[in-house]
Amino acid sequence: MHPTRLSAALAALALTASLAGTLAATANAAAPGPSQPVPPGHGKSLALAAADRAADSGLDGLRHGTDEELVRTAVTPWAGGLYYAAYQRTYKGLPVAGGDAVVVSDSAGKVREVAAAPAPAIRLSTKPAVGSAAALATAKAQLAGVESASTPELTVLLKGNKPVLTWHTLVVGRTAKGLPSSLDTYVDARTGEVTQARDKILHADGRGYHNGNVTIDTAATSMTDPNRSGFKCGGQNGSAYTGTPPWGNGTANDLVTACVDIMYAAQRESDMLKQWFGYNGQNGQGGMVPARAGLSEVNAYYDGTKTTYGHNQNGTMQLTGIDVVAHEYGHEIFDKTPGSSGSSNENGGMNESTGDIFGALTEHFANNPNDTPDYTVGEKLNFLGDNKPIRYMYNPSLAGDPNCYPQLNSGTEVHAAAGPQNHWFYLLAEGSNPGGGKPASPICSGGPSSVTGIGIQKAGKIFMGALLMKTSSWNHLAARKATLSSAKNTYGSAECNAVKTAWNAIGVPAQSGETDCGGTTTPDFSLALNPASGSVQPGASVTSTVNTSTTGGSAQTVQLSASGAPSGVTVSFSPSSVTSGNSSTMTVQVAAGTANGTYPITVTGKGSATHTVTYQLSVGTTTPPTGCDNTEYTYEGSLTDGQAEAQPDGSYYYSATSGTHVGCLRGPAGADFDLYLQKWNGSGWADVAVGGTASADEDISYNGTAGYYRYVVHAYSGSGAYTLGLSAP
């Protein structure tokens, strides 16, 4: 067995984890079939399996071509047994910037929502004409001084809905005017020219004051957070300040005191995310980027690698107030949730608004008497010399920013473009006439007569849930759909209707396919294929199971059809229509003489709505090998290099007694396929036997106790069809 084979396989399976359980009703290997029990704590596995199956099948906006894959990159658990699974598109193994997606599924194994950035069919050479060193030099040349630059990664950039082969790098430094810059850069790998560069730093935000005597989490002798990974605070050299508590002297321009303010605000924001929303820190993994104090400029910013804080206009204090710090770390939340940060002014404005929203949320959570919670930004900064805030969330026009979505255009400056979403959030949280000393908020033309708020904590959780559905094409229209879905899934119809009313109040129109907020659920269903691809020789046939599930309302009749089959290929379904929740067998018959090649076939299900999935048919390319004739059950499949899938049929089986489990894998000649027998341990799948030689054929024999088992076939290297035989007690 290769020394790293097991870890490599686990890394691959981390992206396709928990395939089992989704087809329990069809799995029959050494098990009683539909009545077999479900492993305890299996809800997450069911949810992620449903999401993976939707991505693999190309459900609706998840469509992908022959050389493309949707790779699961992150999973976030949510209220009500929901899971948000984020996917990045790849092309021939290269990451694709754009065309990303999020699938929301539940612990019953149902797909609830799909959000996908549009992507064209990708066809281009992946051989660069320009080397990475030359591309890096070009990227660095954009800045007068370079602090750091990431290693260029060959990436397919979707620009103007067209694919471009590029070198992708992040360059951090200073512009010719001396301004800090963090350029997310794509250099054309054919011409060597910069094809897209977006500055992650958004300037001119902040207010500075002290939070009084507070408690912060630090190490014994340095301002390093022992509980939140990556977080520390120090000066401009990047090192954490050292010493012993109590930290700082409480004066306005002492930089250790500034770090006390920074750490207090960032840690309260982290606590708010966890306690109010169940979200694990600013980066979603329990940590955040480090902070630097003492910038000799009137500025505070986030650049993707750190946050940095300067002083106010007249130099009387550092820009380390709660809302400033939480705003900058709000940019990290926006950056680290699916879709990252987009390139349009509208997207940039929503990024700025996200910072403002998290600033307000953190102020309300901290409830510090030195900073009464409010919905203004920079009210104590005197940024413009008039002792006024720089933004008003309840009425953005007070600072000259647009209140309403129809007022935005492509030239609206990003901080001003924060206005409409800020306005929406205030209306959702507090309403148009909240009383209690809180300011009234105007309603845009054509909106409702009034808006009733639902409270900032609920509004914040709905907003956070929507960010988990963000894609690279994020805009106000997408945010409306995502927040409606988040509200309905997290709370119910009343909160969903409040979200809708708030969007109507700022002029964001209703969108096709948006969540119905009514007390009853709109009838809907989902489709998936198992397997989503198949290989066959001319003159033969191949089958796949079309699985349907009811995702809303009552079960309904779904009519199945196929399109896009090449000449000589016919597709039939048995039965041709099913009640959602049931399955049909799709048979693809390939006539003799059909040209070899790979063909995408679109499978359509039509009921109260119409959904599509894509079956990738390979004709004349590979045939499943033989050699496992002595086992009880036989399964066939096809994998590309690096892929893995679970058997039987993407599921698991239940063995009611102790005994010997036998697995026989026969893979394609010249490839290296591995076989893993896994057992459910109550919270996840654990390897109990491994066949990991450097060949395509593996044999496993394992004597185990009663329980839930599955096999995982992993294409360690090479591609092609395989046969798996198995026997169980």
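Look a little higher up for the structure.
Residues numbered from 1 in each chain as written. Predicted model: local features only at pLDDT ≥ 70, side-chain atom pairs only at ≥ 80, totals over all residues. Heavy atoms only, no water.

Q: Would you explain the overall build of the protein chain in this entry?
A: Scanning the protein chain from N- to C-terminus turns up 10 helices and 34 strands. Relative to the compact-globule value of 27 Å for 729 residues, the protein chain shows a C-alpha radius of gyration of 28 Å, a close match. Referenced to the eigenvectors of the C-alpha coordinate spread, the extents of the protein chain come out at roughly 85 × 55 × 55 Å. Burial statistics for the protein chain: of 729 residues in total, 56% are counted as buried. With an accessible surface of roughly 26900 Å², the protein chain has 49% of that area assigned to carbon and sulfur atoms. Within the protein chain, one finds 42 positive and 55 negative side-chain charges whose respective centroids are separated by 2 Å. (Helix = DSSP H or I, 4+ residues; strand = E, 2+ residues; numbered from the N terminus. Rg over C-alpha atoms; globule rule 2.2 N^0.38 Å. Buried < 20%, exposed > 50% of the residue type's maximum accessible area, 1.4 Å probe, protein only. Areas by Shrake-Rupley, 256 points an atom, 1.4 Å probe, with all protein chains shown as cover. Lys, Arg positive; Asp, Glu negative; His and termini not counted. Charge placed at Lys NZ, Arg CZ, Asp CG, Glu CD.)

Q: Sorry, what's going on with the pattern of salt bridges here?
A: Scanning the entire structure with this criterion turns up 20 salt bridges. The partner of arginine 72 in a salt bridge is aspartate 52, with the nearest N and O atoms 2.7 Å apart. With arginine 72 in strand E1 (residues 68–77) and aspartate 52 in helix H2 (residues 43–57), this pair connects stretches of sequence that are 20 residues apart. Grouping residues by exposure puts arginine 72 and aspartate 52 together as buried. (Salt bridge = Lys/Arg side-chain N within 4 Å of Asp/Glu carboxyl O.)

Q: Looking at this structure, how should I read the state of the cysteines?
A: Covalent bonding between the sulfur atoms of two cysteines defines a disulfide. Tallying each qualifying case throughout the model produces 4 disulfides. Residue cysteine 404 pairs covalently with cysteine 444 via a disulfide, S to S 1.9 Å. Handedness of the cysteine 404-cysteine 444 disulfide follows from its S-S torsion of about -95 degrees: it is left-handed. Taken together, the positions of cysteine 404 in the loop between strand E16 (391–392) and helix H7 (419–430) and cysteine 444 in the loop between H7 and helix H8 (456–467) put the pair 40 residues apart, joining distant regions of the chain. Put simply, cysteine 628 and cysteine 664 are joined by a disulfide, and their sulfur atoms are 1.9 Å apart. Here the S-S torsion is close to -80 degrees, and the disulfide linking cysteine 628 with cysteine 664 is therefore left-handed. Of this pair, cysteine 628 sits in the loop between strand E25 (610–619) and strand E26 (633–639) while cysteine 664 sits in strand E29 (residues 659–666), and the two are 36 residues apart along the sequence. (Disulfide = S-S within 2.5 Å.)

Q: Would you take a moment to explain the sheet that holds strand E13 (residues 300–302) for this structure?
A: In space, the 4 strands of this open sheet follow the order E11-E12-E14-E13, with mixed pairing throughout. This sheet does not close on itself; its edge strands, each paired only once, are strand E11 (233–234) and E13. Each of strand E12 (291–292), E13 and strand E14 (307–309) is contacted by helix H5 (residues 322–336), which is oriented at about 15 degrees to E13, the strand it contacts most. (Pairing = 2+ DSSP bridges. Contact = heavy atoms within 4.5 Å. Axes fitted to C-alpha atoms, helices over the stretch in contact; angles between N-to-C directions.)

Q: So what exactly am I meant to see when it comes to the packing of helix H9 (residues 476–490) against helix H10 (residues 493–505) here?
A: Between two packed helices, the angle of one axis relative to the other and the distance separating the axes together describe the packing. Taken N-terminus to C-terminus, the directions of H9 and H10 make an angle of 160 degrees; their axes are 7 Å apart at the nearest point. As the angle between them shows, H9 and H10 are arranged roughly antiparallel. Relative to H10, H9 is oriented so that their crossing is right-handed. Contacts from His476, Ala479, Arg480, Thr483, Leu484, Ala487 and Lys488 of H9 reach H10 at Ser493, Glu495, Cys496, Val499, Lys500, Trp503 and Asn504. Class assignment of the residues belonging to the contact of H9 with H10 gives a composition of 6 nonpolar, 4 polar and 4 charged. (Parallel < 35°, antiparallel > 145°, perpendicular 65-115°, else oblique. Left-handed = near helix turned anticlockwise from the far one by under 90°. Nonpolar A, V, L, I, M, F, W, Y, C, P; charged D, E, K, R; others polar.)

Q: I tried to follow helix H6 (residues 345–366) on my own but got confused; where do I start?
A: Along an α-helix, residues three or four positions apart point the same way, because every turn accommodates 3.6 residues. Taking 1.5 Å per residue as the helical rise, H6 with its 22 residues ought to reach 32 Å, and the 31 Å between its terminal C-alpha atoms agrees with that figure. Burial within H6 is extensive, with 20 of its 22 residues counted as buried. (Expected span 1.5 Å × (residues − 1).)

Q: Looking at this model, I keep getting lost on unusual backbone geometry. Mind explaining?
A: Keep in mind that most residues, glycine aside, have a negative phi and that most peptide bonds are trans. Cis geometry is found at the peptide bond from proline 245 to proline 246, where omega equals 0 degrees. The residue proline 246 is located in the loop between E11 and helix H4 (255–277) in this model. Residue proline 575 is reached from serine 574 by a cis peptide bond, and omega for that bond is -5 degrees. Considering the arrangement of structural elements, one finds proline 575 in the loop between strand E21 (569–574) and strand E22 (577–579).

Q: Got a minute to help me understand the side chain of glutamine 616 in this structure?
A: Note that glutamine 616 resides in strand E25. For glutamine 616, a relative accessible area of 13% translates into the label buried. Of the polar contacts made by the side chain of glutamine 616, one reaches the backbone oxygen of histidine 64; its length is 3.3 Å. Leaving out residues up to four positions away in the same chain, glutamine 616 has contacts with His64, Gly65, Thr66, Ala532, Ser533, Gly534, Thr598, Tyr599 and Pro600. (Polar contact = N/O pair within 3.5 Å; in protein donor to acceptor, adjacent residues only side chain to side chain.)

Q: What exactly am I supposed to notice about the nonpolar core here?
A: Counting residues in each nonpolar core, the largest one holds 55 residues, and the members touching the most others are Phe277, Phe358, Leu361, Trp424, Phe425 and Met464. The dominant element in this core, judged by the number of residues it contributes, is H8, at 7 residues. If we skip the residues at most four places from it in the chain, phenylalanine 358 touches Glu269, Met272, Leu273, Phe277, Ala326, Gly330, Ile333, Phe463, Met464 and Leu467. Membership of the second largest hydrophobic core comes to 37 residues, among which are Ala55, Phe525, Val542 and Leu617. (Core = buried A, V, L, I, M, F, W, Y, C linked by side-chain atoms within 4.5 Å.)

Q: What is the right way to look at the packing of aromatic side chains in this model?
A: Geometrically, a pair of aromatic rings is defined through the distance of the ring centres and the angle of the planes. Within the structure shown, the criterion is met by 19 aromatic pairs. A ring pair is formed by tyrosine 392 and tyrosine 394, whose centres lie 5.9 Å apart and whose planes are at 85 degrees; its orientation type is edge-to-face. Relative accessible area serves as the criterion here: at 12%, tyrosine 392 is assigned to the buried category. We classify tyrosine 394 as buried; its relative accessible area is 15%. Ring plane angle 25 degrees and centroid distance 6.4 Å describe the contact between tyrosine 653 and tyrosine 711, whose orientation is recorded as stacked. On the criterion of sequence distance, the pair formed by tyrosine 653 in strand E28 (residues 653–655) and tyrosine 711 in strand E33 (residues 707–717) is long-range, its members being 58 residues apart. Three or more aromatic residues joined by ring pairs form one cluster here, namely Phe358, Trp424, Phe425, Phe463 and Trp503. Positioned over the ring face of tryptophan 78 is lysine 461, at 5.6 Å from the centre of the ring. (Phe/Tyr/Trp six-rings, centres within 6.5 Å; stacked < 30°, edge-to-face > 60°. Lys NZ or Arg CZ within 6 Å of the ring centre and 35° of its normal.)

Q: How should I be thinking about the environment of methionine 288 in this particular structure?
A: In this fold, methionine 288 is placed in the loop between H4 and E12. Residue methionine 288 is classed as buried on the basis of its relative accessible area, which comes to 3%. On a C-alpha basis, the gap between methionine 288 and leucine 170 in space is 18 Å, while along the polypeptide they are 118 residues apart. Excluding its chain neighbours within four sequence positions, the residues that come into contact with methionine 288 are Arg228, Ser229, Gly230, Phe231, Ala266, Ser270, Gln282, Asn283, Tyr329 and Glu332.

Q: Just to check I follow, could you spell out empty space enclosed by the protein for this structure?
A: Summary: where empty space remains is shown by rolling a probe the size of a single water molecule over the atoms. Per the stated rule, a full pass over the model turns up 2 cavities of 30 Å³ or more. The computed volume of the second largest cavity comes to approximately 60 Å³. Lining of the second largest cavity is provided by Ala50, Arg53, Ala54, Gly109, Lys110, Val111, Ser526, Leu527, Ala528, Asn547, Thr548 and Ser549. Listing elements by their share of the lining of the second largest cavity, those giving two or more residues are H2, strand E17 (524–530) and strand E19 (541–552). When grouped by side-chain class, the residues that make up the lining of the second largest cavity number 5 nonpolar, 5 polar and 2 charged. (1 Å grid on protein atoms, 1.4 Å probe; cavity = no way out; pocket = protein on both sides within 12 Å on 5 of 7 lines; lining within 4 Å. Points joined across faces, edges and corners; volume = space filled by probe spheres on them.)

By themselves, these figures tell us nothing about what the structure is for.
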